[in-house]
Amino acid sequence: MTKAKRKIEQSLRQVDAVAELIDARAPKSSRNPVLDRLIQKKPRIILMNKCDLADPAQTRGWISAFQARGIPALALDCRTGRNVGQVLPAIRELLKSKLAMWEEKGMTGRPIRIMVVGIPNVGKSAFINRMCLGGKAGKADVQDRPGVTRTNRWFTIGKGFELLDTPGVLWPKFEDPRVGELLAFTGAVKDQVVDTEALAARLLETLRESYPSALCTRYKLTPDDLQEGSGYDLLARIGKKRGMLISGGEIDTERAAAMLLDEFRSAKLGKITLERAN
């Protein structure tokens, strides 16, 4: 983390703005507080990726909340390309005064350099690929630049823009365990390092509070089913309804947990946001 932090800090001097990708399903927890401190006064836009998996009403609320803090924000989905075309115009608007100054000084040919940052699994690579392949420029021009580490790469996007890709960085310790839990729900923390059954049980406890109808609809549960027992009991109930049984009629809760996490992450449960804007 220290090495990555130093690299990002050094690279900030080379860019005009920062595009911070976050997960629209967990807009607060998917923001690295270390990155927030590093970026400080550098012009920034927040890109709420995976908006097609998130609750639209909550996404609108978060955009308003960021804008109230003076940070422009856009909802986009890099998988489909939704709203990606709005990013460069928004960055031009963000840098309007700087671009006017460049014009006065005769620096109109200077490219706008943007650093792309975010934690793992928020879609930075998908965003850059979409910008490269979906724009008018076609294939991206990838270069190694002096002073830039091997883990950072520059991409020329269209006419007059360059993107600097940086490695996704998770902070070493979550001060609030709930943050780590929410990131594990979305897949930002690898399933191999968590107890997936315990994680699925906690997800069910979260969803029965905020999206009970989604659980009832998807798994043919009743409101009474949701209220009875712990999250693990609910996981076992879902596993039984799905016929996930092993020898002796025992419920395969490990398989049920994997299924639940997959269906949440692919929005088969519906469009869900785990953190409220207010």
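Structural data are supplied above this passage.
Note that this is a predicted model, so its numbers are computed, not measured.

**Overview of helix α12 (residues 253-265)**
Because each turn of an α-helix spans 3.6 residues, side chains separated by three or four positions in sequence point in the same direction.
Item 1. Given a rise of 1.5 Å per residue, 13 residues ought to cover 18 Å, and the 18 Å separating the end C-alpha atoms of α12 matches this to within 8%.
Item 2. Within the span of α12, buried status applies to Thr253, Ala256, Ala257, Met259, Leu260, Leu261, Glu263 and Phe264.
Item 3. Along its buried surface, α12 packs onto α7 (177-186), α8 (196-210), α9 (212-219) and α11 (231-241).
Item 4. Positive backbone phi, approximately 65°, marks Ala267, located one or two places after α12.

**Considering the side chain of Glu263**
Item 1. Relative to the assigned elements, Glu263 resides in helix α12.
Item 2. Residue classification places Glu263 among the buried residues on the basis of a relative accessible area of 6%.
Item 3. Beyond its immediate stretch of four places on either side in the chain, Glu263 contacts Arg218, Tyr219, Arg242, Lys268 and Leu269.

**Observations regarding the side chain of Asp252**
Item 1. Counting through the fold element by element, Asp252 comes out in the loop between α11 and α12.
Item 2. One buried charged residue, Asp252, remains without a salt bridge, the closest side chain of opposite sign being Arg255 at 5.3 Å.
Item 3. Apart from residues no more than four positions distant in its own chain, Asp252 is found in contact with Met244, Leu245 and Ile246.

**Side note on the environment of Pro120**
Item 1. Within the element layout of this structure, Pro120 appears in the loop between β4 (112-117) and α6 (124-134).
Item 2. The class of Pro120 is partly exposed, set by a relative accessible area of 25%.
Item 3. Taking the C-alpha atoms as reference points, Pro120 and Val189, 69 residues apart in sequence, are found 8.1 Å from one another.
Item 4. Setting aside its immediate chain neighbours within four residues, Pro120 contacts Gly168, Val169, Leu170 and Ala188.

**Here we look at the nonpolar core**
Item 1. Core analysis: the largest hydrophobic core is formed by 60 residues, its most contacted members being Leu47, Phe127, Leu163 and Leu215.
Item 2. With six residues, α12 is the single largest residue contributor to this core.
Item 3. Core analysis: the next-biggest nonpolar cluster, separate from the first, contains 14 residues, Ile8, Leu35, Met115 and Leu164 among them.

Reading the values: the criteria
- Residues numbered from 1 in each chain as written.
- Predicted model: local features only at pLDDT ≥ 70, side-chain atom pairs only at ≥ 80, totals over all residues.
- Heavy atoms only, no water.
- Helix = DSSP H or I, 4+ residues; strand = E, 2+ residues; numbered from the N terminus.
- Expected span 1.5 Å × (residues − 1).
- Buried < 20%, exposed > 50% of the residue type's maximum accessible area, 1.4 Å probe, protein only.
- Contact = heavy atoms within 4.5 Å.
- Lys, Arg positive; Asp, Glu negative; His and termini not counted.
- Salt bridge = Lys/Arg side-chain N within 4 Å of Asp/Glu carboxyl O.
- Core = buried A, V, L, I, M, F, W, Y, C linked by side-chain atoms within 4.5 Å.

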